[in-house]
Amino acid sequence: MKALILVGGFGTRLRPLTLSVPKPLVDFANKPMILHQIEALKAIGVTEVVLAINYQPEVMLNFLKDFEAKLGIRITCSQETEPLGTAGPLALARDKLADGSGEPFFVLNSDVISEYPLKEMIGFHKSHGGEASIMVTKVDEPSKYGVVVLEEATGQVERFVEKPKLFVGNKKNAGIYLLNPSVLGRIKLRPTSIEKEVFPKIAAEKMLYAMVLPGFWMDIGQPRDYITGLRLYLDSLRKKDASKLASGTHIVGNVLVHESAPIGEGCLIGPDVAIGPGCVVEAGVRLSRCTVMRGGRIKKHACISSSIIGWHSTVGQWARVENMTILGEDVHVCDEIYSNGGVVLPHKEIKSSILKPEIVM
């Protein structure tokens, strides 16, 4: 089997982290976002992953070469010269995806984090005999999204309604698809949307089916959702394999600590924290709802909540960092500094407090 991951754009919503690496390589729960997907695909027997990309393909490929060997899966790029939307990339990669076997292929949106029930999806796709299957997820406020209206018993998709004013359903597209190669024949090589142009036509022919995603779902393409996604991911990890989570008197709730990261005396860590490889957490530190990426250093008695600390950054003694502060790569927050929602670009030193959310160039 093959799969296409829509990598696409510049990752502007996750700046300043995406100033250092393309968005799919930003760490989430101690490994690059895209690796969560590639590992899930590999686990159900996908042998080749095609990345549809229009930005820094060489950076992506160099990075993923290591993983190709480790995971034993082929990773190639299909590079757009202009942004082609969500369907155009499939037409561009047609030769890579349609190998004449007639096997369906997966399409995933690279920002989506979930439990990836891909094996169940293959079973669902085979059982209904349609042309395409999409994952949908339940949402609390359907009026904010495009809603997928489906026949509950069979999962057959009837229509799509964009931001409905009246209640028509509470399922939204989850950005995970399984498509027969015949779908490629419906797509022209131009900027085009699979959700708005291709799927409605397949639905009109009663050949599109939707499976409700079990477990959690999050689009982690922006900071607030990234932090929420981390909570959901760690919750799910607790149910599936709690041994991967940290334990001890200094741990509260779900915490992921890389084995190479020492934690000092008298710390209180959690809930919903990820501490990456090579990080150092000194004595008396308080961390909650945050990520400290590879090589970060949190000095004595610092307090961090609801924030993202980028690679090789330092938070000084008694500093307080909160309210969606995002430190880019190699940022140094001096001792006793307060940051309230500061978004700090890479390679900066912060010597005075950031009292209200702002971007520090």
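Note that the structure is predicted; figures quoted are calculated from it, not measured. (Residues numbered from 1 in each chain as written. Predicted model: local features only at pLDDT ≥ 70, side-chain atom pairs only at ≥ 80, totals over all residues. Heavy atoms only, no water.)

Peer 1: Got a sec to walk through helix α2 (residues 57–71)? Specific residues and values, please.
Peer 2: The terminal C-alpha atoms of α2 lie 20 Å apart, and with 15 residues this matches the ideal 21 Å at 1.5 Å per residue to within 8%. At Leu 64, α2 shows its largest bend, some 35 degrees. A positive phi of about 65 degrees marks Gly 72, the residue just after α2. (Helix = DSSP H or I, 4+ residues; strand = E, 2+ residues; numbered from the N terminus. Expected span 1.5 Å × (residues − 1). Bend = angle between axes of the 7 residues up to and from the residue.)

Peer 1: Can you break down the domain arrangement of the protein chain residue by residue, with the values?
Peer 2: Its domain assignment divides the protein chain into domain 1 (2–219) and domain 2 (227–359). Here domain 1 and domain 2 have C-alpha centroids that lie 31 Å from each other. Of the residues lining the interface, 17 residues belong to domain 1; the matching set on domain 2 comes to 26 residues. Taken over both partners, the interface formed by domain 1 and domain 2 buries close to 1,600 Å², and the fraction arising from carbon and sulfur atoms is 73%. For the domain 1 face of the interface with domain 2, the top three residues by lost area are Pro 16, Leu 17 and Asn 30, together amounting to 34%. Between Asp 27 and Arg 294 there is a salt bridge, with the nearest N and O atoms lying 3.8 Å from each other. One can count four residue pairs in polar contact (both at pLDDT 80 or more) joining domain 1 with domain 2. The set of elements that each furnish at least two residues to the side of domain 1 that touches domain 2 consists of β2 (27–28) and β13 (217–219). Among the residues forming the side of domain 1 that touches domain 2, the class breakdown is eleven nonpolar, three polar and three charged. (Domains from an automatic or database assignment. Contact = heavy atoms within 4.5 Å. Buried area = accessible area lost by both parts, 1.4 Å probe. Salt bridge = Lys/Arg side-chain N within 4 Å of Asp/Glu carboxyl O. Polar contact = N/O pair within 3.5 Å; in protein donor to acceptor, adjacent residues only side chain to side chain. Nonpolar A, V, L, I, M, F, W, Y, C, P; charged D, E, K, R; others polar.)

Peer 1: How would you sum up the UniProt feature "domain: Mannose-1-phosphate guanyltransferase C-terminal" (unreviewed entry) in the protein chain? Please name residues and give values.
Peer 2: This chain's UniProt record puts "domain: Mannose-1-phosphate guanyltransferase C-terminal" (unreviewed entry) on residues 251–360. Along residues 251–360, the helical share is 0% and the strand share 40%, with 32 Å between the first and last C-alpha atoms. (UniProt positions renumbered as here; feature names shortened; annotations may be inferred.)

Peer 1: How would you summarise the sheet that holds strand β27 (residues 349–350) if you had to cite specific residues and measurements?
Peer 2: Strand pairing in a sheet relies on backbone hydrogen bonds. The paired strands run either parallel or antiparallel. In spatial order, the strands read β17-β19-β21-β24-β27; together these five strands make up an open sheet with parallel pairing. At either end of the open sheet lies a strand with only one pairing partner, and these are β17 (280–281) and β27. As paired elements, strand β21 (residues 314–315) and strand β24 (residues 332–333) share two bridges and run parallel to each other. Bridge assignment links Thr 314 to a residue of β24, and that residue is His 332. (Pairing = 2+ DSSP bridges.)

Peer 1: Describe the packing of aromatic side chains, and please don't skip the residues or the numbers.
Peer 2: A full pass over the atoms with the stated rule returns four aromatic pairs. Ring centres of Phe 63 and Phe 67 lie 5.5 Å apart, and the angle between their planes is 40 degrees; on these two criteria the pair is classed as tilted. Highlighted residues: Phe 63 and Phe 67, both in helix α2, separated by four residues, approximately one helical turn. Residue class for Phe 63 comes out partly exposed when judged on its relative accessible area of 29%. Feature note: the residues Phe 28, Tyr 226 and Tyr 233 constitute an aromatic cluster, connected by ring pairs. (Phe/Tyr/Trp six-rings, centres within 6.5 Å; stacked < 30°, edge-to-face > 60°. Buried < 20%, exposed > 50% of the residue type's maximum accessible area, 1.4 Å probe, protein only.)

Peer 1: An account of the layout of surface pockets is requested, with residue identities and associated values reported.
Peer 2: The volume enclosed by the largest pocket comes to roughly 1,200 Å³. In this structure, the largest pocket is lined by 38 residues; those nearest its centre are Tyr 145, Gly 146, Lys 172, Asn 173 and Trp 217. When contributions to the lining of the largest pocket are tallied by element, the ones reaching two or more residues are β6 (105–109), β8 (132–138), β9 (146–150), β10 (157–162), β11 (171–179), α6 (194–204) and β13. With five residues, the top contributor of residues to the lining of the largest pocket is β11. Counted by class, the lining of the largest pocket contains 17 nonpolar, nine polar and twelve charged residues. For the second largest pocket, the calculated volume is near 710 Å³. Counting residues per element, the ones that place at least two in the lining of the second largest pocket are α1 (33–43), β7 (112–114), α5 (118–128), α7 (223–241) and β14 (255–257). The residue inventory of the lining of the second largest pocket, partitioned by class, reads 14 nonpolar, five polar and nine charged. When residues of the lining of the second largest pocket are assigned to domains, at least three map to each of domain 1 (2–219) and domain 2 (227–359). (1 Å grid on protein atoms, 1.4 Å probe; cavity = no way out; pocket = protein on both sides within 12 Å on 5 of 7 lines; lining within 4 Å. Points joined across faces, edges and corners; volume = space filled by probe spheres on them.)

Peer 1: So, the pattern of salt bridges: which residues are in play, and what are the values?
Peer 2: As enumerated under the stated definition, the model contains 14 salt bridges in all. Where Lys 31 meets Glu 39, a salt bridge forms, and the shortest distance between an N and an O atom there is 2.7 Å. Residue Lys 31 is classed as partly exposed on the basis of its relative accessible area of 23%. Measuring nitrogen to oxygen at the nearest pair gives 2.8 Å for the salt bridge that ties Arg 320 to Glu 322.

Peer 1: Describe the pairing of β6, naming the residues involved and giving the relevant values.
Peer 2: Counting buried positions over the five residues of β6 gives four, a clear majority of the element. Here β6 runs beside β11; their pairing, made up of four bridges, is antiparallel. Across the sheet, residue Leu 108 finds its bridge partner in β11, namely Ile 176.

Peer 1: So, the packing of α1 against α2: which residues are in play, and what are the values?
Peer 2: For the pair α1 and α2, interaxial distance at closest approach is 12 Å and the crossing angle is 35 degrees. The interaxial crossing formed by α1 with α2 has right-handed handedness. Counting all contacts with α1, which are made through Ile 34, Leu 35, Ile 38, Glu 39 and Lys 42, the residues of α2 involved are Met 60, Leu 64, Phe 67 and Leu 71. Residues that form the contact of α1 with α2 fall into these classes: seven nonpolar, no polar and two charged. (Axes fitted to C-alpha atoms, helices over the stretch in contact; angles between N-to-C directions. Left-handed = near helix turned anticlockwise from the far one by under 90°.)

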